[in-house]
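Spelled out, the chains give:
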Amino acid sequence: MASRVTARITHALILLFIVSVVGFALLRLMPGDFAEILLMAQMDGTLPDADQVARYADQNGLNDPLPQQYLRWLFALLQGDLGKSFISNEPIISDITLRMGQSLLLAVLSMSLALIIAVPIGIVCARYPGSRIDRIAGMVSVIGMSIPNFWYSLLLALLFSLVLGWLPTGGHGTWAHAVLPTLVIATSIAGVLSRYVRGSLLEELSKPYIRTAKAKGLSRLRTVLRHAVPNTAPGILTFSGMQFARIFDGMIIVETLFAWPGLGRFLVESLLNRDYPAIQACFLLIAGSYILVNLIVDLCIAFYDPRTREIV
Amino acid sequence: MQMERMSFTGGKLFHAGRRVFRGYVLVMALVILAVLILPFFAPNDPYKAQFLFRLKPPSLDYPLGTDALGRCVLSRLMYGARLTTASALAVVMAASLIGCLIGTLAGMVGGIVDRAIMRFCEGMSVFPALAICMIIAGTLGLGLQAVIIALITVHWTDYARVVRNAVIVERTKPYVMAAEALGARHHRIAHRHIFPNIIGPLLTLAAYSMSWAILAFAGLSFLGLGVEPGTPEWGLMIAESRNYLRDHPRLVLAPGLTIAAFVVAVNLLGDMLGDRFRLRQINYLH
Amino acid sequence: MIKKTLLGAAFAALAMGSFALAPQPAQATEDNTLVIGTMWESMPLAMKPRRSRFFNESEILDTLVKLDYDLKTIPGLATEWDRVSPTVWQFKLRENVIFHDGTKLDAEAVKFSLERVIDLLPYAADLLNIKSIKAISPLVVEIENTEPFAALPNQLSDAITVVYAKSSFDEAGEFVKPIGTGPWKFEEYKKQDRTIVTRFDDYWGEKPALEKVVYRYIPDHNSRTLALEAGEIDFVTNMLPSDVKRLSEDDDFKVYAEPTSGLYYGAFNAGEKSVLSDVRIRRAVNALVDRDLIVKGALDDVGEPAWEFFAPSFDWAPQADEKYTLDPELAASLLSDAGYEKTDGKWMKDGEQLTLRILSYSSRTEMPMITEAMAALLNEQGIATEVGMYTWGGMLDLVKQGEYDVSVVFWTPEMTGHPDLHLKSQFHSKAGLNYQFWANEEFDAAVDKGRTLDPGAEQVATYTKAMNILHDEAPIIPLVHKVFVVASTKELQNYRIHPSGFFFDFKSVSK
């Protein structure tokens, strides 16, 4: 148990280190002289001359060896300093905190809805494999995975906002604003999730103890609910944890389309702004939070399921 | 990403017999080929703007009408088919090649090399692929090439994982162990014994990654982070026509349905390959 | 079992947490409130010039001089002004004007504000040309210019010169929030979402009819109009041309359209990194693009074809003696001179086709359409294009590095009712905003002289000379003169478009 936890945490720390190095390199990889670009952003866009650039580079330690610069940068980062935006010359952290909350809200809502849709469907399909319901659900999930989400977001917005007038077109502020974004993200996750639930239940159902349970006279549905579901739950949780990455991909599009002020839209804006410090901050935050989410899911499973405690 | 050989086959959408299967694979191969030569049959120049012939309804000369700049929608769809398919194929091929090499290396050499590579690949798999692609493409300066490179960078790790796992499984089989004991070289073992056995999982993965690449490509273009404006690319066509969604829905419906149909077909191919090679197939590539 | 409960509880806690994060209920558009959908974030803290534009157009703050509906100067916070010597102006301030924080407007306050503005905005000094500001009595401000400067009253109508109360800035002189003298006072700003202003009852002029104006930031051009049609907002700016057409046919909405200050143009990179450093190619491009087709084709007739820099509808604006027309033959001879040869319908030189890298930004509604249309027209004429769409900031970044040939932009050259504004701030070789690497001494001299001259024959001659150089040297290709279009619900009364394009004048609007 303890060794597993330590191993997972070490693994996460190593990944975080790699992410920080990549994040640091990201800003240095951009085209142009780094000191000049930084200085230009501070001078409201006027071109600095070579003397100014040299002085600036000297003052800010941009001529130091890279490892030294990295350590200084990392130290500032750990104190919450994500740098200043090239476009607004404001600390990026102030923009990010606002948007993190909005993205988190959307992620939790969509994940909940996806589970509410996918788990029952998966159970029913696993209970009646090969049935008409199973096949229809299978087909629908393939189509759900194949339709571009930006496209059906457009169609949904047209239908619900304009033709029916039930929901606002975009923005945030009320629960009504969250309906369409949540729906779009949840449906794309639900397709994959229901396929996974069905698959892992069927696998569980083929195991000997289930045959014993059946022989004891338990009905098939009860077997599924009493035995198969609890035993597959850790797997489903791990899988759901991994789906947060997919949710974020969905959010990039949905937040842009429905004007939801989250991290996804911030990333798109930063890219179109060519605002490298903001892009770097997004990268660090996204990567960092994914490592943490997966670590937390792993640790939860370790507590939940004694069988996995011994496995390193 | 998780591919296990299983005695139980789940997720069957079609209970395909061998003949049906071969037929479908053949049809898909033909479709992909056809898509690549499709532009030669386009009725009009997809780039030619006709400002006084904008937003025209379908006619004989313009079977799907014209868009906001008076360009032939059908011709643009046909050129887009080639662009999208060729780009997706490039991504799949490059990613599978890199992934195979590194995966085989990990599986054959083992030890610290294997652990390091696998830790890295696992790490990559938890990140939001589209976001990382965007960041890579954005840093490289956007455009078609940048997007393709970004997709490959993110995607090869999936292949490496599959190949590495398959190599490990195959290596423990008696005949391979025997060959190793007899002193056969690594590359010979890989070539003679292992590759023939991992072709199935690879093909299946390729089908799914193709569908993923097409959707990612369209999504990036839609956001304005993919191909150059004016290029006949499906995602971009939707982005450029969305302002006309209400008055001329066909401009948005046509490319959207095309993408959906194409991706459904490719995903079904993946499902059938999965069934054929008796893999428990869960498409959760990103 | 306990663990299962724990897991359930954890999930429930997460869900509850998300409820706590959820925003408060939205406001529908209430009776005394006007809700506007805007294209730009109305109060971006960092975009200083755009921020001042917003303070002026929303009338949170006032300028010393204002412009009427013919772009003639009228009293603002100053009631009259005199030129006491060629370089010295005196402005007499309006009596009994108070700021939103209760302090009185006096000469010291104006002096403080103008000096802050010059400090904070890099090109304000250039625009105002000020040597010193003196408060010579409580209500008289004296401004001394570095040279004879006739354009000052007009320049003082520019939005960046709005008068801030001292409490708008913190101890260190950094901007905090807008406190002014306008009919609307700043109430609330939610980043990326909205800015709210409410009626200021002690306003010195005509009191607003409504109580509150909400500026909602809706960056998506489609959603903005959708929001009007769905009843979420009362008033929408910067609509898509296709929406203009549909809403004008709909009785539930009013559409307002007037030509205003504003020009869409392609700014050429005349520096060494571009083929357009050759003036012949710049001129040829000017003769190759059919502006009428752009307006008809890309904009559904919302706009006027631009063959000149200042729109001819402003009769005070100087014009060059000649204009470009669509003239493929002239273009062909210019390109041949420059060493290009037309083969297979393509302009080639040394085996390579003439190719232009065109940059623009998609955050302004018409930009992508105009840019794509221009690119398509050039392609048709045998010039290849590589188009890149960014945000304004993203484009500017590339432009500053000189990595472009044409950047398609929008400016409002007629905004102050005086030709100086744009010619000086964009094309003068010393201008901070000149990223075109174009410099012309004669042009600089003409512009430097023009701003010192009173209206009259000499001023006209000087500016005509500048305009002729602008025509011959062709550092830009004018594309479309702006027609400003907004729409509102049918209940909205008394709205009128101001020709500066930067003044909403919502005081008399009711609903």
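Computed from a predicted structure; not experimentally measured.

**Q** Where do I start with the overall build of chain C in this structure?
**A** Tallying secondary structure elements over chain C gives 15 helices and 20 strands in all. For 511 residues, the compact-globule formula gives about 24 Å, and the C-alpha radius of gyration of chain C, at 25 Å, lands near that figure. Sorting the 511 residues of chain C into buried and exposed places 59% on the buried side. In chain C, once contacts between residues fewer than 6 apart in sequence are set aside, the share between residues at least 24 apart is 69%. Taken as a whole, chain C presents about 19500 Å² of accessible surface, with 51% of it coming from carbon and sulfur. Of the charged side chains in chain C, 53 are positive and 78 negative; the average position of the first set lies 5 Å away from that of the second.

**Q** Quick question: what am I supposed to make of the overall build of chain A here?
**A** What chain A contains, in helices and strands, is 13 helices and 0 strands. Tracing chain A from N to C terminus, the helices and strands come up as α-α-α-α-α-α-α-α-α-α-α-α-α. Its C-alpha atoms give chain A a radius of gyration of 24 Å, clearly above 20 Å, the size a compact globule of 312 residues would have. Taken over the C-alpha atoms alone, chain A extends approximately 85 × 60 × 30 Å along its principal axes. Relative to its full complement of 312 residues, chain A shows a buried share of 55%. Contacts spanning at least 24 positions in sequence make up 71% of the contacts within chain A whose residues lie at least 6 apart. With an accessible surface of roughly 13200 Å², chain A has 68% of that area assigned to carbon and sulfur atoms. Of the charged side chains in chain A, 24 are positive and 20 negative; the average position of the first set lies 24 Å away from that of the second.

**Q** How should unusual backbone geometry be read in this particular structure?
**A** Backbone geometry follows two general trends: most residues other than glycine have a negative phi, and most peptide bonds adopt the trans configuration. All names here are of chain C. For D300, which is not glycine, the phi torsion reads 50 degrees and is therefore positive. Even without being a glycine, F437 presents a positive backbone phi close to 55 degrees. Considering the arrangement of structural elements, one finds F437 in the loop between α13 (420-427) and α14 (441-450). Relative accessible area serves as the criterion here: at 40%, F437 is assigned to the partly exposed category.

**Q** Any chance you could explain the pairing of strand β8 (residues 184-190) of chain C here in plain terms?
**A** Regular strands have side chains that alternate between both faces of the sheet. Residues and elements named next belong to chain C. Pairing of β8 with strand β9 (residues 194-199), which is carried by 6 bridges, proceeds in the antiparallel orientation. The residue bridging E188 from the neighbouring strand is I196, located in β9. What sits between β8 and β9 in their antiparallel hairpin is a turn of 3 residues, with Q192 showing a positive phi close to 65 degrees.

**Q** Even after reading the chapter, I still don't get the interface of chain B and chain C, so can you show me in this structure?
**A** Note on interface size: it is often stated as the accessible area lost on association of the parts. Listed as interface residues are 19 residues of chain B and, on the opposing side, 23 residues of chain C. With both chains or domains summed, chain B and chain C bury close to 1800 Å², and 48% of this area falls on carbon and sulfur atoms. Run the count over chain B and chain C and you get 6 salt bridges. A salt bridge links B:D247 to C:R246, with the shortest nitrogen-to-oxygen separation between them at 3.2 Å. Scanning the region where chain B abuts chain C turns up 8 residue pairs in polar contact (both at pLDDT 80 or more).

**Q** Sorry, what's going on with the pattern of salt bridges here?
**A** One side chain can pair with another of opposite charge once the charged atoms of both are near each other. Within the structure shown, the criterion is met by 47 salt bridges over all chains. A salt bridge links A:R99 to A:D95, with the shortest nitrogen-to-oxygen separation between them at 4.0 Å. Taken together, the positions of A:R99 and A:D95, both in helix α5 (residues 92-127) and 4 residues apart, correspond to about one turn of that helix. Classification of A:D95 as buried rests on a relative accessible area of 14%. Linked through salt bridges whose partners overlap, the residues forming this network are B:D67, B:R71, B:R76, B:E240 and C:E372.

**Q** Sorry, what's going on with helix α7 (residues 241-248) of chain C here?
**A** The α-helix advances 3.6 residues per turn, and as a result positions three or four apart in sequence lie on the same side. Residue and element names in this part refer to chain C. With 6 of 8 residues buried, α7 is to be regarded as a mostly interior element. Of all the residues in α7, the buried ones are P241, S242, D243, V244, R246 and L247. Those residues of α7 that are buried lie in contact with α6 (221-229), β12 (253-268), α9 (291-299), α11 (367-380) and β20 (476-489).

**Q** Is there a simple way to think about the environment of C:F310 in this case?
**A** All names here are of chain C. Within the element layout of this structure, F310 appears in the loop between β13 (304-305) and α10 (328-337). Assessed through its relative accessible area of 0%, F310 is described here as buried. The spacing of F310 and F506 is 196 residues in sequence and 27 Å in space, taken between C-alpha atoms. When neighbours within four sequence positions are excluded, F310 is seen to be in contact with A317, P318, Q319, P413, E414, P419, L423, M467 and H481.

**Q** Before we go on, may I ask you to explain the sheet that holds strand β15 (residues 346-349) of chain C in this structure?
**A** Two strands in a sheet stick together by hydrogen bonds in their backbones, pointing the same way (parallel) or opposite ways (antiparallel). Residue and element names in this part refer to chain C. Here we have 3 strands laid out as an open sheet, ordered β14-β15-β16, and antiparallel in their pairing. In this open sheet, the two edge strands, each paired with only one partner strand, are β14 (341-343) and β16 (352-353). For β15 and β16, the ladder comprises 2 bridges, and the chain directions are antiparallel. Along β16, the bridge assignment pairs K349 with E352.

**Q** Just checking my understanding: could you explain the environment of C:E206 for this structure?
**A** Residue and element names in this part refer to chain C. You can see E206 is positioned in the loop between β9 and β10 (212-217). In this structure, the C-alpha to C-alpha distance between E206 and S508, residues 302 residues apart in sequence, is 8.1 Å. When residues no more than four places from it in sequence are discounted, the contact partners of E206 are K507 and S508.

**Q** In this structure, what is going on with the interface of chain A and chain B? I would like to understand it.
**A** At the junction of the two partners, chain A supplies 51 residues and chain B supplies 51 residues. Of the roughly 4600 Å² buried where chain A meets chain B, counting both sides, 76% is carbon and sulfur surface. Taken as a group, A:F150, A:W151 and A:L271 account for 13% of the area that chain A buries against chain B, more than any other trio of residues on that side. At the surface where chain A touches chain B, the tally comes to 1 salt bridge. Here A:R195 makes a salt bridge to B:D271, at a shortest N to O gap of 2.9 Å. Counting across the interface, chain A meets chain B through 6 residue pairs in polar contact (both at pLDDT 80 or more). With 10 residues, helix α10 (residues 220-257) of chain A is the largest single contributor of residues to the side of chain A that touches chain B. For the side of chain A that touches chain B, the per-class residue count stands at 37 nonpolar, 8 polar and 6 charged.

**Q** Explanation requested: the packing of aromatic side chains in the structure shown.
**A** Pairs of aromatic rings are described using the distance from one ring centre to the other and the angle between the two planes. The tally for this structure, following the rule as stated, stands at 40 aromatic pairs over all chains. Between A:F24 and A:Y70, the ring centres sit 5.5 Å apart and the planes meet at 75 degrees, which makes this aromatic pair edge-to-face. One end of the pair, A:F24, is in helix α1 (residues 2-29); the other, A:Y70, is in helix α4 (residues 66-78), with 46 residues separating them in the sequence. Taken as a pair, A:F24 and A:Y70 share a single burial class, namely buried. Aromatic pair C:F235 and C:Y495: ring centres 4.9 Å apart, planes at 75 degrees, arrangement edge-to-face.

**Q** Hey, could you run me through the confidence of the model for chain C in this one?
**A** Do not read the predicted coordinates in detail wherever pLDDT is low. All names here are of chain C. Of the residues in chain C, 93% have a pLDDT of 70 or more, and the chain-wide mean is 88. Contacts of residues 1-7 to residues separated by more than four positions or lying in other chains number 6 contacts, the stretch itself having pLDDT below 50. The low-confidence segment residues 13-27 (pLDDT under 50) makes 24 contacts with residues lying over four places distant or belonging to another chain. Across the assembled chains, the prediction reports ipTM 0.82 with pTM 0.84.

**Q** What is the right way to read the state of the cysteines from this model?
**A** Working definition of a disulfide: a covalent bond connecting the sulfur atoms of two cysteines. Residue and element names in this part refer to chain B. Tallied over the entire structure, the rule returns 0 disulfides over all chains. Lacking any disulfide linkage, C121 is separated from the closest cysteine sulfur, that of C100, by 12 Å. Given the relative accessible area of 0%, C121 is considered buried.

**Q** What is the right way to read the side chain of A:S270 from this model?
**A** Relative to the elements of secondary structure, A:S270 occurs in helix α11 (residues 263-273). Those residues in contact with A:S270, other than ones at most four positions away along the chain, are A:D275, A:A278 and A:I279.

**Q** Would you take a moment to explain a nonpolar patch on the surface for this structure?
**A** A grouping of A:I14, A:F17, A:I18, A:V21, A:V22 and B:F120 is seen on the molecular surface, where their side chains present a nonpolar patch of about 490 Å² in accessible area. Mapped onto the secondary structure, A:V21 falls in helix α1. Since its relative accessible area comes to 34%, A:V21 is described here as partly exposed.

**Q** Quick question: what am I supposed to make of the nonpolar core here?
**A** Nonpolar side chains in soluble globular proteins generally cluster together in the buried interior. One finds C:I294, C:F309, C:M374 and C:L423 to be the most contacted residues of the largest nonpolar core, which totals 248 residues. The dominant element in this core, judged by the number of residues it contributes, is helix α7 (residues 186-222) of chain B, at 16 residues. Look past the residues within four positions of C:M374 in its chain and what remains in contact with it is C:V289, C:I294, C:I358, C:V406, C:V408, C:I477 and C:L479. Within the second largest apolar cluster, 62 residues are counted, among which are C:V97, C:I133, C:V197 and C:L492.

The rules behind each value
Residues numbered from 1 in each chain as written. Chains lettered and ligands numbered in written order. Predicted model: local features only at pLDDT ≥ 70, side-chain atom pairs only at ≥ 80, totals over all residues. Heavy atoms only, no water. Helix = DSSP H or I, 4+ residues; strand = E, 2+ residues; numbered from the N terminus. Rg over C-alpha atoms; globule rule 2.2 N^0.38 Å. Buried < 20%, exposed > 50% of the residue type's maximum accessible area, 1.4 Å probe, protein only. Contact = heavy atoms within 4.5 Å. Areas by Shrake-Rupley, 256 points an atom, 1.4 Å probe, with all protein chains shown as cover. Lys, Arg positive; Asp, Glu negative; His and termini not counted. Charge placed at Lys NZ, Arg CZ, Asp CG, Glu CD. Pairing = 2+ DSSP bridges. Buried area = accessible area lost by both parts, 1.4 Å probe. Salt bridge = Lys/Arg side-chain N within 4 Å of Asp/Glu carboxyl O. Polar contact = N/O pair within 3.5 Å; in protein donor to acceptor, adjacent residues only side chain to side chain. Nonpolar A, V, L, I, M, F, W, Y, C, P; charged D, E, K, R; others polar. Phe/Tyr/Trp six-rings, centres within 6.5 Å; stacked < 30°, edge-to-face > 60°. pLDDT = per-residue confidence, 0-100. Disulfide = S-S within 2.5 Å. Patch = residues over 30% accessible without salt bridge, like charges linked within 9 Å, V, L, I, M, F, W, Y side chains within 5 Å. Core = buried A, V, L, I, M, F, W, Y, C linked by side-chain atoms within 4.5 Å.

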